[in-house]
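# A closer look at the structure
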Amino acid sequence: MPTSKWFARSAATAATLLAVIITTGATSPAASLSDKLPGDTTRGRQVYERYCTQCHGPRGDGQGEVAAWTTPKPRDFRLGLFKFRSTPRGTLPSTADLDHTIRNGLYGTLMPPFYALNERARQDVISYVEKFSPRWRLEQPGTPVVVTDEPSATVESITRGRELFATNCASCHGDGTGNGPAAEGMVDMWRNPLWPANLTAGRTKSARTARDIYLRAATGLDGTPMPGFAGTLRPEGLWAIAHYIQALGPWEGSTRTLREFAAQLPPALPAASADTAAAPDTTTKTPVAVKVDSVVKVDTATKFVKTAAAVPVTRTADSAATGAAKPAATRARATIVVRMLGDAKGYRFEPASISARVGDVVRFVNVSGGPHSVAFLADGIPAGAAATLQKNMGKTMGPLSGALVTAPNAAYLVSLAGLPEGTYSYSCLPHQAMKMVGRIIVRP
Ligand code: HEC
Ligand code: HEC
């Protein structure tokens, strides 16, 4: 916990920074940036070194000089994980999303609003920030989730929103102040303490309006346990929740009548405590997020298993050439389990190196410290293997880059069917910087 002295010091630093920023030739805040124009990374680096290094660090690892005494910590850009997106959970944000954060800052944190940076400078610094994580080379930003036209908030929609809030949000957000049973001991994926936002204050880090709340709920916050609800709630439901939250505090667009109406409703407590009461031990470690994610994962896995089974187990030309005596068809396809871990001993795949045969399946299981992923390195696989490997992977986020595995015990499957023999090197994208790497030696 930062002491009040630290707090005063960091506030002073932020004030100094702001003063510097504001006096460096302000230009009018421009319209949102488009995803089309790439910035100039040389100029972006200059902007970054002047305005961002002290917090985000020269290497983008979030270890700037200010980092030591602030909570939340400046973001480590090497993992390519962003909380405030218009794009689905687990995908990269759009340029406009990053621009929104840079222009407006993150309320209540040390991340300042950069009103002084003109459009060009913001575009350039975004392109530079994108160089810190390999995800930007391998993936495209996600497709923004659909935000339907905002219906008007009514007594009925707020009543409905309260019910949906109880079922979907209260395990963490409690009565709205962030006191849900799952909040205790919560950490983010950088292992820093984290609290569910207080939704009664009328403003959060990146949300001021019902539309902002809708987007946060639909897309979730990557790097935190908060799931995205775009797959589980319909737009009407998301709007109802957004309007209920809006009526909990002085949010932009909230009306006094609806606030008074919401105030006399009983607080939305975790629904019948079905999840939490049944398994009290797991409340802090496996919040609702897990359930939602595992539904998604099961889906992916099932779909994938079908694909994998459909791939005929054929002997490759290579294996014939090397004279492998045993025909592949007579051998049962093996499933090899590789565990994905992040704990006091560090981030790692266990075992980090496996030997497998063409046609086997590798099952990567998220044991701890997730989200993890399996991303093959384009120059770390045998020549000519890429197209088949891409087809053999479960859901991907980009070329040879598997989807994030978020839920504990969720698995990600890679089939080795039809692959040329050789060594296949891979890494966990979020933890690549922490040397979470592995390899599969494929034999005929
Ligand atoms: C005074 C410290 C400070 C400075 C200076 C600063 N940031 Fe930040 N920034 C933060 C903190 C703290 C966070 C993390 C907030 C959180 O996770 O809740 C953050 C988060 C971010 C994020 C992540 C947003 C998301 O969706 O997760 C981006 C992008 C970002 N900063 C860009 C920049 C850029 C670009 C600059 C320079 C133009 C900059 N920051 C300067 C403190 C700073
Ligand atoms: C598993 C726990 C969990 C659940 C379930 C959850 N949240 Fe959150 N939520 C969090 C945490 C943790 C934060 C704070 C993240 C941060 O500040 O980095 C947060 C932050 C927020 C924010 C503030 C974002 C910002 O701008 O700072 C909003 C809005 C929000 N949640 C809405 C919802 C809604 C609506 C639901 C239900 C549909 C929901 N949350 C369900 C954990 C959860």
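Before reading on, note that the structure itself is shown above.
Every value quoted in this text rests on a predicted model; they were computed, and no experiment measured them.

Regarding its fold elements, the chain presents 15 helices and ten strands. Within the chain, the fraction of its 444 residues that count as buried is 44%. Taking all contacts inside the chain whose residues are at least 6 apart in sequence as the whole, residues at least 24 apart take part in 73%.

Our focus in this paragraph is the site of ligand 2. Neighbouring residues of ligand 2: 28 residues in total, closest C169, C172, A197, T204 and K205. Elements with a contribution of two residues or more to the shell around ligand 2: helix 8 (170-173), helix 9 (210-219) and helix 13 (288-310). Taken together, the residues that form the shell around ligand 2 break down as 19 nonpolar, six polar and three charged.

Ordered in space as 2-1-4-8, the four strands form an open sheet in which the pairing is mixed. Each of the sheet's edge strands pairs with one partner strand only, and the pair in question is strand 2 (346-350) and strand 8 (411-415). For this sheet, the mean angle separating the axes of adjacent strands, direction not counted, is 15°. Here strand 1 (residues 335-343) pairs with strand 2 via five bridges, running antiparallel. Considered in strand 2, the bridge of R339 is made with E350.

Turning our attention to the environment of A383. Mapped onto the fold, A383 is located in the loop between strand 5 (375-376) and helix 15 (386-392). C-beta crowding within 10 Å serves as the criterion here: with 7 such atoms nearby, A383 is assigned to the exposed category. Here the alpha-carbon distance between A383 and G422, two residues 39 residues apart in the chain, equals 9.2 Å.

Another aspect to go through is the site of ligand 1. Taken together, 27 residues form the shell around ligand 1, and within it C52, C55, K83, F84 and M111 come nearest. Those elements giving two or more residues to the shell around ligand 1 turn out to be helix 1 (4-22), helix 3 (53-56), helix 4 (95-104) and helix 5 (119-129). Looking at the shell around ligand 1 residue by residue, the class counts come to 19 nonpolar, five polar and three charged.

The sheet contact formed by strand 1 and strand 4 (residues 361-366) spans six bridges and is parallel. Paired with V338 across the bridge in strand 4 is F364. Relative to strand 8, strand 4 runs antiparallel, the two being bridged by five bridges. Each bridged residue has a counterpart across the sheet, and for F364 the counterpart in strand 8 is Y412.

Bringing unusual backbone geometry into the picture now. A cis amide bond links T71 to the next residue, P72, at an omega of -5°. Its location among the elements puts P72 in the loop between helix 3 and helix 4. Note that the residue after E350, namely P351, is joined by a cis bond; omega there is -10°. Positionally, P351 belongs in the loop between strand 2 and strand 3 (353-357). Its identity is not glycine, yet L400 carries a phi of approximately 55°, on the positive side. Examined against the element boundaries, L400 turns out to sit in the loop between strand 6 (396-398) and strand 7 (401-402). For L400, a count of 21 C-beta atoms within 10 Å puts it in the buried group.

So, on to helix 4. Restricting attention to buried positions, one finds in helix 4 the residues T95, D97, L98, D99, T101 and I102. Looking at the packing, one finds that the buried side of helix 4 touches helix 5. Downstream of helix 4 by one or two residues, G105 has phi in the positive range, about 70°.

Another aspect to go through is the pairing of strand 8. Most of strand 8 is tucked away: five of the five residues are buried. Where burial is concerned, the two faces of strand 8 agree: the one with A411, L413 and S415 and the one with Y412 and V414 are both buried.

So, about the packing of helix 7 (residues 155-168) against helix 10 (residues 235-246). Between helix 7 and helix 10, the shortest axis-to-axis distance is 7 Å and the interhelical angle comes to 100°. As judged from the angle between their axes, helix 7 and helix 10 are roughly perpendicular. Along the contact surface, helix 7 presents S157, I158, R160, G161, R162, L164 and F165, while helix 10 presents G237, W239, A240, I241, H243 and Y244. Here the contact of helix 7 with helix 10 is built from residues that sort into seven nonpolar, four polar and two charged.

To continue, consider the environment of R160. In this structure, R160 sits in helix 7. In this structure the C-alpha to C-alpha distance between R160 and I241, which are 81 residues apart in sequence, comes to 7.7 Å.

Rules used throughout
Residues numbered from 1 in each chain as written. Chains lettered and ligands numbered in written order. Predicted model: local features only at pLDDT ≥ 70, side-chain atom pairs only at ≥ 80, totals over all residues. Helix = DSSP H or I, 4+ residues; strand = E, 2+ residues; numbered from the N terminus. Buried ≥ 20, exposed ≤ 12 C-beta atoms within 10 Å, placed from the backbone. Contact = placed C-beta atoms within 7 Å. Near = placed C-beta within 6 Å. Nonpolar A, V, L, I, M, F, W, Y, C, P; charged D, E, K, R; others polar. Pairing = 2+ DSSP bridges. Axes fitted to C-alpha atoms, helices over the stretch in contact; angles between N-to-C directions. Parallel < 35°, antiparallel > 145°, perpendicular 65-115°, else oblique.

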